[in-house]
Amino acid sequence: MHELHEPGAAAGSGGHGRTDIDRLIDERVPGYSLAAPFYISPEFFARDIEAIFASTWIFVASSAEVPEPGDYLTIDIGAYSVIVIRDDDGEIRAHHNVCRHRGTRLLNDLSGSVGNIVCGYHQWTYTPSGELISAGVQAPGFDRSCFSLRSVNLRVIGGLIFICLSPTPPDDIDEVADVIEPYLAGHDIAGTKVAAQSDLIEDSNWKLVMENNRECYHCEAGHPELTCTFFPTYGYDPDEIPKRLQPAYQRYLDAEDQLHANCDRNGLPYALVEELTGRPTGFRIERAALDGKGESYTMDGSAASAKLLGDLDTFVLGRASLHVQPNMWFHAMGDHVVTFSLLPLAEDKTLVRTTWLVHADAEEGVDYDLDNLTTVWIKTNEQDATFCERGHLGISSPAYVPGPYAPTESQVDDFVTWYIERLKAHREQRTVQLEGVERRSTGSRAEGSRADGIQENEARMEAESS
Ligand code: FES
Ligand SMILES: [Fe+2]
């Protein structure tokens, strides 16, 4: 086990000195995989939760997962638990899953439906919008309006639900929404229903799961079902495509011509937009052709659901593929949508949740067969889990040293670059906050003011929790 020292542990550091974690962040070598502690140390995992998962926008679900008022999901991220719920006005809201009385976790199932949110301990009762409406007998002057559930920032973009645990979420989400919404709109995710969902827990660090997803270097050998429809030339520079993949590349070019004609007729954008680094909400979106019949992620590429999504006029629309750092990838086809969210459980455990959405009116056994709909990604997820678990095992060996990314792994390099950028941004923000605390602390000592002391404590707690 690599032992690391967290901030504040370094003697004479003033509480925020340079630590082993900071040194490793600063010494990251672009173009190479990360040093082992990034993947296997509990201290790094704790930093990842605060600097990445509690600071950036996280994809948690689609709107189809909470179709009716009172429908909810609970999402655990590190020690946080969040309720995502549709309120009585049909709006989707997010609240911390923490009672405002004495802190008890309120909802304890992964999903369900409630009229109101009732704490099991002393029955404080909240509406789905988070207002406290009942708190038993309280002292005179008790003001219920001061004890609403603490809200969590939430954005629904084209039917995809993102939350941000930070009270100051990255505001570039608006720019990202403007770019990606037109790609999603034609698939009318609000008009879909959940056909299937799978939760897979992988014995691997979350970054290895994300890195594995960002390249298809392993697809040709590793994913026989996926490569029935997913062109194995994904990620290759057209000038660098190996000879054995040239026939697949020619089929891809022909399929792209057909795709573009169909997209133009349906008003669907297809250009690649890739802004994976240099912004808090790094993302990539494109529409690309599928192999075989070009309709869907099935073994022969034909549509898995007979009901077209939205007002689309053909199934031959390839895949609209979206990736948002740090935790989501997504494909929308003419007949169905498949979303993937990754949630870190421990330094060596990651939940990958896959959800298949079909038209809300599609009937199982009539319009779609569940096995046909889900086989490709169930198999692909299992194969990827094996790669990630073996990756984690190898990196856990003292013999591991970082290795170089191939040109086709450029998105892996971009993901790691983004990750390091966010760790540095979080560190800078924390340093500024702690310096502010120290300045106020010096001032308050000079004045001997108790009020300033309380303020200082609150600011320090805020800095430490951000
Ligand atoms: S802790 Fe929730 S009602 Fe008491
Ligand atoms: Fe894979």
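Residues numbered from 1 in each chain as written. Chains lettered and ligands numbered in written order. Predicted model: local features only at pLDDT ≥ 70, side-chain atom pairs only at ≥ 80, totals over all residues.

### Digging into the sheet that holds strand β9 (residues 153-157)
Put simply, the rule reads: When DSSP finds two or more bridges between two strands, those strands count as paired. Elements are defined by DSSP. Helices are runs of H or I of four residues or more, strands are runs of E of two residues or more, and each kind is numbered from the N terminus. The axes are straight lines fitted to the C-alpha atoms, using for helices just the contacting stretch, and the angles between their N-to-C directions are given from 0 to 180°.
One open sheet accounts for 3 strands, arranged β1-β10-β9; its pairing is antiparallel. In the strand order of this sheet, the two ends are held by β1 (58-62) and β9, each with one partner. On average, each strand axis in the sheet is inclined to that of its neighbour by 30°, with strand direction left out of account. Sheet topology places β1 next to strand β10 (residues 160-164); 4 bridges connect them, and they run antiparallel. In the strand pairing of β10, I58 is matched with I163.

### Looking at the domain arrangement of the protein chain
Here is the rule: Either an automatic procedure or a domain database provided the assignment from which the domain bounds are taken. Classification convention: Asp, Glu, Lys, Arg as charged; Ala, Val, Leu, Ile, Met, Phe, Trp, Tyr, Cys, Pro as nonpolar; all other residues, Gly among them, as polar.
Partitioning the protein chain into domains gives domain 1 (1-57 + 192-456) and domain 2 (58-169). Averaged C-alpha coordinates put domain 1 and domain 2 at centres separated by 27 Å. Elements with a contribution of two residues or more to the side of domain 1 that touches domain 2: α3 (42-53), β11 (192-202), β16 (336-346) and β17 (349-359). Across the side of domain 1 that touches domain 2, the residue classes tally to 9 nonpolar, 7 polar and 1 charged.

### Structural notes on α3
The condition that has to hold: Here a residue counts as buried when 20 or more other C-beta atoms fall within 10 Å of its C-beta, as exposed when 12 or fewer do, and as partly exposed in between; the C-beta atoms come from the backbone. Directions drawn from the helix axis to the C-beta atoms are what define this arc.
All buried positions along α3 are accounted for by F44, F45, R47, D48, A51 and I52. End-on, the buried residues of α3 take up no more than an arc of 160°, which puts them together on one face.

### With respect to the sheet that holds β16
An order of β11-β17-β16-β15-β14-β13-β12 is seen for the 7 strands of this open sheet, with the pairing classed as antiparallel. Strand pairing shows two members of the sheet lacking a second neighbour, β11 and β12 (273-275), which therefore form its edges. Each neighbouring strand pair of the sheet contributes to a mean axis angle of 15°, computed without reference to strand direction. One ladder, built from 10 bridges, connects β11 with β17; its direction is antiparallel. Counted as the bridge partner of I201 is L351 from β17.

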